[in-house]
Amino acid sequence: MSRKRFKTNYPGVFYREVPRAGGNGTEKSYYVIFKRDGKVLEEKAGRQHADNMTPAKAAKIRAARIEGRRESRQEVRQRRERERQTEPWTIDRLWEEYSGSRSLKGIVQDKNRFEKHLAETVGDKQPKQITPLEFDKLRQELEAKGLAAASVHHVMELLRRLINYASKRGLCPTPSYLGEMPRVNNVRTEDLTPEQIGRLWNALEEAEDQQVAAMMKLALLTGMRRGEILRLEWQDVNSERGFIILRDPKGGLNETIPLNEQVWRIIAKQPRTSSYVFPGRNGGQRVDVRRQANRIKEAADLPKEFRPFHGLRHVFASMLASSGQVDLYILQRLLTHKSPQPTQRYAHLRDEALRRGSELASDLISGVLPDQKRIG
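Calculation criteria
- Sequence order as written defines residue numbering, which begins from 1 separately in each chain.
- Owing to the predicted nature of the model, reporting of local features is limited to residues with pLDDT of at least 70; listing and counting of side-chain atom pairs is limited to 80 or more, with chain, interface and lining totals taken over all residues.
- In computing side-chain values, all of the structure's heavy atoms are included and hydrogens and water are not.
- Axis definition: a line fitted to C-alpha atoms, over the contacting stretch in the case of helices. Angles run 0 to 180 degrees between N-to-C directions.
- Strands here mean DSSP runs of E at least two residues long; helices mean DSSP runs of H or I at least four residues long; both are numbered from the N terminus.
- These descriptions rest on fixed angle ranges, namely under 35 degrees for roughly parallel, over 145 for roughly antiparallel, 65 to 115 for roughly perpendicular, and the rest for oblique.
- Handedness of each helix crossing follows the sense of rotation of the near helix against the far helix: counterclockwise by less than a right angle gives left-handed, clockwise gives right-handed.
- Any two residues whose heavy atoms approach within 4.5 Å at even a single point are treated as in contact.
- Classes in brief: Ala, Val, Leu, Ile, Met, Phe, Trp, Tyr, Cys and Pro nonpolar; Asp, Glu, Lys and Arg charged; the others, Gly included, polar.
- Side-chain atoms within 4.5 Å link the members of a nonpolar core, which is a set of buried Ala, Val, Leu, Ile, Met, Phe, Trp, Tyr and Cys residues.
- A simple rule labels every residue: compare its accessible area, found with a 1.4 Å probe on the protein chains alone, to the largest value its type can have, and call it buried under 20%, exposed over 50%, or partly exposed in between.
- The term salt bridge refers to a side-chain nitrogen of Lys or Arg lying within 4 Å of a carboxyl oxygen of Asp or Glu.
- Helix span is expected to be 1.5 Å times the residue number reduced by one.
- Identification of polar contacts relies on pairs of N or O atoms within 3.5 Å, with a donor-acceptor requirement for protein atoms, meaning one able to donate a hydrogen and the other able to accept it, and with residues adjacent in sequence counted only if both atoms are side-chain atoms.
- Two distance rules govern patches: like charges are joined within 9 Å, and nonpolar side chains (Val, Leu, Ile, Met, Phe, Trp, Tyr) within 5 Å, applied only to residues with over 30% relative accessible area and no salt bridge.
- Note that accessible areas follow from Shrake-Rupley with a 1.4 Å probe, and for residues the cover is restricted to the protein chains shown.
- We score Asp and Glu as negative and Lys and Arg as positive, and we do not count His or the chain ends.
- By convention, charge coordinates are those of NZ in Lys, CZ in Arg, CG in Asp, or CD in Glu.

Peer 1: Please explain the packing of helix α7 (residues 194-206) against helix α8 (residues 210-222) as it appears in this structure.
Peer 2: Two quantities define a packed helix pair, namely the angle between the helix axes and the distance between the axes. Following both chains from N to C, one finds α7 and α8 inclined at 150°, their axes separated by 8 Å at the closest point. The orientation of α7 relative to α8 falls into the category roughly antiparallel. In terms of crossing hand, the pair formed by α7 and α8 is left-handed. Here Leu 200, Trp 201, Leu 204, Glu 205 and Glu 206 of α7 come into contact with α8, specifically with Gln 210, Ala 213, Met 216, Lys 217, Leu 220 and Leu 221. Its residues assigned to classes, the contact of α7 with α8 shows seven nonpolar, one polar and three charged.

Peer 1: Mind showing me how you'd approach the nonpolar core here?
Peer 2: Most often, soluble globular proteins keep nonpolar side chains buried together rather than apart. Counting residues in hydrophobic clusters, the biggest one holds 38 residues, and the most contacted among them are Leu 200, Met 216, Leu 218, Ile 244, Ile 267 and Ile 296. Per-element accounting of this core gives the leading share, eight residues, to α8. Within the second largest apolar cluster, 24 residues are counted, among which are Trp 89, Ile 130, Leu 159 and Met 181.

Peer 1: Quick question: what am I supposed to make of the pattern of salt bridges here?
Peer 2: Opposite charge on two side chains makes pairing possible when the charged atoms of those side chains draw close. Tallied over the entire structure, the rule returns 20 salt bridges. Among the ionic pairs, Lys 217 bridges to Glu 205, the shortest N-O distance being 2.4 Å. Within this pair, whereas Lys 217 is found in helix α8, its partner Glu 205 is found in helix α7, the two being separated by twelve residues in sequence. What makes Lys 217 buried here is its relative accessible area of 9%. As a salt-bridge pair, Glu 261 and Arg 265 come within 3.2 Å of each other at their nearest N and O atoms. With a gap of four residues between them, Glu 261 and Arg 265 both fall in helix α10 (residues 261-268), about one helical turn apart.

Peer 1: Whenever I open this one, α8 confuses me. Can you help?
Peer 2: Note that an α-helix has 3.6 residues per turn; residues three or four places apart therefore point the same way. Taking 1.5 Å per residue as the helical rise, α8 with its 13 residues ought to reach 18 Å, and the 18 Å between its terminal C-alpha atoms agrees with that figure. Burial runs high along α8: eleven of the 13 residues are buried. Burial in α8 covers these residues: Gln 211, Val 212, Ala 213, Ala 214, Met 215, Met 216, Lys 217, Leu 218, Ala 219, Leu 220 and Thr 222. Regarding α8, its N-cap is Asp 209, as a side-chain oxygen of that residue lies 3.1 Å from the backbone nitrogen of Gln 211 further along. Gly 223, located one to two residues past α8, shows a positive phi value of around 80°.

Peer 1: Looking at this structure, I do not really get a positive patch on the surface. What am I missing?
Peer 2: A grouping of Lys 44, Arg 70, Arg 73 and Arg 77 is seen on the molecular surface, where their side chains present a positively charged patch. Looking at the secondary structure, you find Arg 73 in helix α2 (residues 73-86). Residue Arg 73 is classed as partly exposed on the basis of its relative accessible area, which comes to 39%.

Spelled out as structure tokens, the structure:
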């Protein structure tokens, strides 16, 4: 874009043609030139569309700068920075600093939790004002709203994270002890009966949103997490060697899981309109499928508490564990658990399969013995 400067009908007011901010084409960017303290200064007054600037407004800005009635943009920035440095570090301000400091995983969910549950209740408080009593009061208020135990835990954990952020950087005084975090029973498994799985599969086949239906089939057949499916790109699917790369999974490091023929058929049906297998708007990563997934769940008449994606991951694991044909180490690898502890929740299903195998052996042996010597 040309840097040529054009005159206006106002002395000392010029403009340049620049790309229009947030739109197509160009717009005028106005500048003022004036002399102050023996120096010739050139300062930006504003953009035609972005700042609603006109030559007349720019001329008034120039006059105010000459008379010393208006600060320059740089002076305004410097003054605001000085003011900001003296402002107290409230929870609101900590959130602004924390959320804008870097790209954080789960920041969208944290933003929603902060705006819904923390901004109004503790947003104007400084960390030193949040006593264990205040912390416990917040927990009780969240529980009174009817939030699930896990949701309460996530909100309280975010508050604790913000205060730890301030403490580690020495931004302000912070309490040494906040109080007990709410306990959550994370050892939860969800399962479906064969009849429920059949109804679900029929609902998936008839679903209006076939992209979400395909994603749910993938969760059932691979145990992949919702986020892993949303992030799945075509470059991560190797049909020739038969594996799927899971990038940036829950544990951090990339993982590899097998790609079976049925899963490949589901993936291969998706149109290649983006780098993502299941793209969202404008080919970007899709971020929310809860509404569509819940419709499918309701159409299949599944239990109200069943979580469409996480529940299907549990169904995948439960089916394999109860089959008696997959040991817990293989199941751990398929679920990409970093340690065996999370996989242990399915151990009772594996034990039941072994018990059935043992009873079968007893029946088989008893069946070939003479009547008088049969077991039992």
